[in-house]
Amino acid sequence: MLMQTLGQTALISMISHIIFIIITWQVLQAVKIDPLLKKERVFEARILLIFLTITIGTSVSRFFLDFLQWSQQLNLLF
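Student: Can you tell me about the overall build of the protein, naming the residues and giving the values?
Tutor: Scanning the protein from terminus to terminus reveals 2 helices and 0 strands. In terms of overall size, the protein is more extended than a compact globule, its C-alpha atoms giving a radius of gyration of 17 Å where 78 residues would be expected to give roughly 12 Å. Taken along its principal axes, the extent of the C-alpha atoms in the protein is 60 × 25 × 15 Å. Counting every position in the protein, which comprises 78 residues, the buried fraction comes to 17%. Across the protein, the fraction of contacts at a sequence separation of at least 24, relative to all contacts at a separation of at least 6, is 87%. Carbon and sulfur atoms provide 73% of the accessible area of the protein, an area that totals close to 6800 Å². Of note, the protein has its 6 positive side-chain charges centred 3 Å away from the centre of its 4 negative side-chain charges.

Student: Describe in detail a nonpolar patch on the surface, supporting the description with residues and values.
Tutor: Residues Leu11, Ile15, Ile19, Ile23, Val27 and Val31 make up a contiguous nonpolar surface patch of roughly 510 Å² in combined accessible area. Checked against the element boundaries, Ile19 lands in helix α1 (residues 2-30).

Student: Summarise the packing of α1 against helix α2 (residues 42-73); cite the residues concerned and give the values.
Tutor: For any two helices packed against each other, the geometry is given by the interaxial angle and the distance between the axes. Axis separation between α1 and α2 bottoms out at 7 Å; the angle between their running directions is 130 degrees. Taken together, the axes of α1 and α2 lie oblique to each other. Between α1 and α2 lies a crossing of right-handed hand. Here the residues of the contact of α1 with α2 sort into 13 nonpolar, 9 polar and 1 charged.

Student: Could you give an account of the packing of aromatic side chains, naming the residues involved and the relevant values?
Tutor: Taken as a whole and assessed by the stated rule, the structure comprises 2 aromatic pairs. Taking the centre distance of 5.9 Å and the plane angle of 35 degrees together, the rings of Phe63 and Phe67 count as tilted. Remark: Phe67 and Phe63 occur in helix α2; sequence separation between them is 4 residues, near one turn of the helix. Exposure remark for Phe63: the relative accessible area of 53% places this residue in the exposed category.

Scoring rules and cut-offs
Residues numbered from 1 in each chain as written. Predicted model: local features only at pLDDT ≥ 70, side-chain atom pairs only at ≥ 80, totals over all residues. Heavy atoms only, no water. Helix = DSSP H or I, 4+ residues; strand = E, 2+ residues; numbered from the N terminus. Rg over C-alpha atoms; globule rule 2.2 N^0.38 Å. Buried < 20%, exposed > 50% of the residue type's maximum accessible area, 1.4 Å probe, protein only. Contact = heavy atoms within 4.5 Å. Areas by Shrake-Rupley, 256 points an atom, 1.4 Å probe, with all protein chains shown as cover. Lys, Arg positive; Asp, Glu negative; His and termini not counted. Charge placed at Lys NZ, Arg CZ, Asp CG, Glu CD. Patch = residues over 30% accessible without salt bridge, like charges linked within 9 Å, V, L, I, M, F, W, Y side chains within 5 Å. Salt bridge = Lys/Arg side-chain N within 4 Å of Asp/Glu carboxyl O. Axes fitted to C-alpha atoms, helices over the stretch in contact; angles between N-to-C directions. Parallel < 35°, antiparallel > 145°, perpendicular 65-115°, else oblique. Left-handed = near helix turned anticlockwise from the far one by under 90°. Nonpolar A, V, L, I, M, F, W, Y, C, P; charged D, E, K, R; others polar. Phe/Tyr/Trp six-rings, centres within 6.5 Å; stacked < 30°, edge-to-face > 60°.

Below is the structure:
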């Protein structure tokens, strides 16, 4: 039973991270960052966007998963 619960948690975490990374990518595509970057550094700019997307998306997902876990543990308080 414990192994199944750990597997479900892992699957939910992976799906959450992917969903929030996709959402973050869409949001960052709407932001005009072109004036901040050098024209001859397009490749580096795209890598930066990918790293920012992963960092922000993962952080938001981690917050979401922590909040979900905390809300499930609230019933232990009473």
